[in-house]
Amino acid sequence: MNFFEFIFQDWSVNRGNIKGRLILLLFRIANFCSTRKIYYYIGFPYLLFYRILVEWFFSVEIPWNTRIGKNLSLYHGQALVMTNHVVIGENCTLRQSTTIGNKQARDGGFSGSPVIGNHVDIGSNVCLIGDIVVGDDVIIGCGAVVVKSVSACCIVTGNPGVERRRKDI
Ligand SMILES: CC(=O)SCCNC(=O)CCNC(=O)[C@H](O)C(C)(C)COP(=O)(O)OP(=O)(O)OC[C@H]1O[C@@H](n2cnc3c(N)ncnc32)[C@H](O)[C@@H]1OP(=O)(O)O
Ligand SMILES: N[C@@H](CO)C(=O)O
């Protein structure tokens with residue numbers, strides 16, 4: 001993937017969604033710089049710009065070195081927070097007021113963070129926490145709190161999240 005393909009990899013799935021396109025374009029440029037050593041140093045001022053604009057002003061904390069597959073849809077980009085250990089597959093959807101992160105142990109150490117498969121649709125106001133794996137083709141309902149791994153082809157709803165098999169695939 002060349003530079004332009006890389007930075008525009010989410011463009012088409014966010015058609016009509018200017019904010020989603022802008023945030024993801026800024027993220028992909030930061031991601032490109034931060035994951036290639038020489039560009040990390042050259043692009044460091046840009047990384048600071050990314051952090052201030054996207055994290056402080058848009059309130060979307062997608063760390064610049066997070067591993068995210070192509071075609072991420074980002075609706076209503078605000079109050080979205082994740083750690084840089086999160087992994088997100090291809091063709092996933094994220095919405096507002098969602099946290100994807102870790103938990104802290106009594107000894108002060110941190111757990112791992114979620115690894116999310118392909119074609120995972122995450123509703124608004126969701127918390128995905130800890131060293132868990134979310135399979136492919138999962139839908140996570142709005143407001144769900146997910147602290148255990150989720151099998152592929154399931155819907156998860158509620159707090160604590162309960163999974164059931166999808167009937168549409
Ligand atoms: C501004 C905006 O629009 S931002 C966009 C916000 N939208 C979202 O985040 C969409 C997220 N999608 C959802 O939460 C959906 O409800 C889904 C995908 C989880 C389920 O959708 P459907 O398959 O149509 O389920 P359906 O509405 O038939 O409900 C099935 C059952 O699950 C329950 N249910 C549905 N969604 C949820 C939820 N988020 N949390 C808890 N229970 C739920 C229903 O009450 C129903 O229970 P019942 O069988 O006891 O009556
Ligand atoms: N309702 C659309 C956009 O607001 C969604 O699924 O998030």
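To keep things clear, this report deals only with the structure shown in the data block. A quick note: this is a predicted structure, and the numbers were derived from the prediction, not measured.

Further remarks concern the pairing of strand 15 (residues 162–165). The pairing of strand 14 (residues 154–157) with strand 15 spans four bridges and is classified as antiparallel. In the strand pairing of strand 15, Cys154 is matched with Arg165. Where strand 14 folds back on strand 15, the antiparallel hairpin that results is connected by four residues, among which Gly158 adopts a positive phi of roughly 90 degrees.

Another aspect to go through is the sheet that holds strand 2 (residues 67–68). The strand order across the open sheet formed by four strands is 2-5-8-11, and the pairing between neighbours is parallel. Each end of this open sheet is capped by a strand with a single partner; those strands are strand 2 and strand 11 (133–134). One ladder, built from two bridges, connects strand 8 (residues 115–116) with strand 11; its direction is parallel. By the bridge assignment, Ile116 is partnered in strand 11 with Val134.

Attention now goes to the site of ligand 2. Near ligand 2 the following residues occur: Tyr75, His76 and Arg95. At 2.5 Å, a side-chain N or O of His76 approaches an oxygen atom of ligand 2. Within the side chain of Arg95, one N or O atom sits 2.6 Å away from an oxygen atom of ligand 2.

Surrounding ligand 1, one finds His76, Arg95, Gln96, Gly123, Ser124, Ile139, Gly141, Cys142, Ile155, Thr157 and Arg164. In the model, an oxygen atom of ligand 1 is placed 2.9 Å from a nitrogen or oxygen of the Ser124 main chain. A distance of 2.9 Å is found between an oxygen atom of ligand 1 and a backbone nitrogen or oxygen belonging to Cys142. In isolation ligand 1 offers 980 Å² of accessible surface; the protein chains occlude 37% of this area.

So, about unusual backbone geometry. Of all residues except glycine, most have a negative phi; of all peptide bonds, most are trans. Residues Asn159 and Pro160 are joined by a peptide bond in cis, for which omega reads 0 degrees. Mapped onto the elements, Pro160 comes out in the loop between strand 14 and strand 15. At Asp137, a residue that is not glycine, the phi angle is positive and equals roughly 60 degrees. Inspection of the secondary structure assignment puts Asp137 in the loop between strand 11 and strand 12 (139–140). By relative accessible area, Asp137 is classed as partly exposed at 25%.

Glancing now at helix 4 (residues 44–57). With 14 residues, helix 4 extends 19 Å between its outermost C-alpha atoms, agreeing within 8% with the 20 Å of an ideal straight helix rising 1.5 Å per residue. Among all positions of helix 4, only Tyr46, Leu47, Tyr50, Val54 and Glu55 are buried. Seen from one end, helix 4 has its buried residues packed into an arc of 125 degrees, which puts them on one side. Across helix 4 from its buried face, at more than 90 degrees, point the exposed residues Pro45, Trp56 and Phe57. On the buried face of helix 4, the contacting elements are helix 2 (18–34), helix 3 (37–42) and strand 1 (60–61). Trailing helix 4 by a residue or two, Ser59 shows a phi angle of about 60 degrees, which is positive.

Time to look at helix 2. End to end, helix 2 covers 24 Å across 17 residues, agreeing with the expected 24 Å (1.5 Å per residue, within 8%). By the criterion of burial, helix 2 is predominantly enclosed, with 13 of the 17 residues buried.

Conventions we followed
- Residues numbered from 1 in each chain as written.
- Chains lettered and ligands numbered in written order.
- Predicted model: local features only at pLDDT ≥ 70, side-chain atom pairs only at ≥ 80, totals over all residues.
- Heavy atoms only, no water.
- Pairing = 2+ DSSP bridges.
- Helix = DSSP H or I, 4+ residues; strand = E, 2+ residues; numbered from the N terminus.
- Near = heavy atom within 4 Å.
- Polar contact = N/O pair within 3.5 Å; in protein donor to acceptor, adjacent residues only side chain to side chain.
- Areas by Shrake-Rupley, 256 points an atom, 1.4 Å probe, with all protein chains shown as cover.
- Buried < 20%, exposed > 50% of the residue type's maximum accessible area, 1.4 Å probe, protein only.
- Expected span 1.5 Å × (residues − 1).
- Arc of directions from axis to C-beta.
- Contact = heavy atoms within 4.5 Å.

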